[in-house]
Each structure stands twice: as structure tokens, then as C-alpha cells.
Amino acid sequence: MADEKPTKKTTAKKEVKKIIFTENIKHNQHRYKKGESAEVSLDDYELLLKAQVIQTETGD
């Protein structure tokens, strides 16, 4: 027990996508204007993509 090393806590790095809004919307208690850019989680990215209110910053 005395020989045990403390374990390091690893923080899971969330993957994010950089997007640009193509419409004025309210999402997760925030308002976004057309042309505004943001970073969102992959779950939010899929949801917003389905709603057709975003494009990726690379133009996809």
C-alpha cells in the first residue's frame, strides 16, 4: 500500500467542431446571429447540422 503511486486524473478532451451559423437561433440558452462563429461539441454539431442552421468554417 505504501508503494502505490497516486493515479493521475486524465481529463477527457472533448472533440469540438468550429462552425458558422447560417441563421439566427437560440441553442442551449445562448443566442447566435447569422454569420457568428462558435465551437460546439460533436453532439451539438450533429443536431445543428440536421436543423440546417450551420456550416463548418472550412465551408463544408
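To keep things clear, this report deals only with the structure shown in the data block. These numbers come from a predicted model, not from an experiment. (Residues numbered from 1 in each chain as written. Predicted model: local features only at pLDDT ≥ 70, side-chain atom pairs only at ≥ 80, totals over all residues. Heavy atoms only, no water.)

### What to know about unusual backbone geometry
Comment: phi is negative for the bulk of residues other than glycine, and the bulk of peptide bonds are trans. Positive phi is not limited to glycine here, since Gln-29 has a value of about 65°. Structurally, Gln-29 can be placed in the loop between β2 (25-27) and β3 (30-32). Positive phi is not limited to glycine here, since Gln-52 has a value of about 55°. With respect to the helices and strands, Gln-52 occurs in the loop between α1 (42-50) and β5 (54-56). Owing to a relative accessible area of 64%, Gln-52 belongs among the exposed residues under this scheme. (Helix = DSSP H or I, 4+ residues; strand = E, 2+ residues; numbered from the N terminus. Buried < 20%, exposed > 50% of the residue type's maximum accessible area, 1.4 Å probe, protein only.)

### A word on the nonpolar core
Note that soluble globular proteins tend to have their nonpolar side chains buried in a common cluster. Within the largest apolar cluster, 10 residues are counted, these being Ile-19, Phe-21, Ile-25, Tyr-32, Ala-38, Val-40, Tyr-45, Leu-48, Val-53 and Ile-54. At the level of elements, β1 (16-21), β4 (37-41) and α1 are the ones that each hand at least two residues to this core. (Core = buried A, V, L, I, M, F, W, Y, C linked by side-chain atoms within 4.5 Å.)

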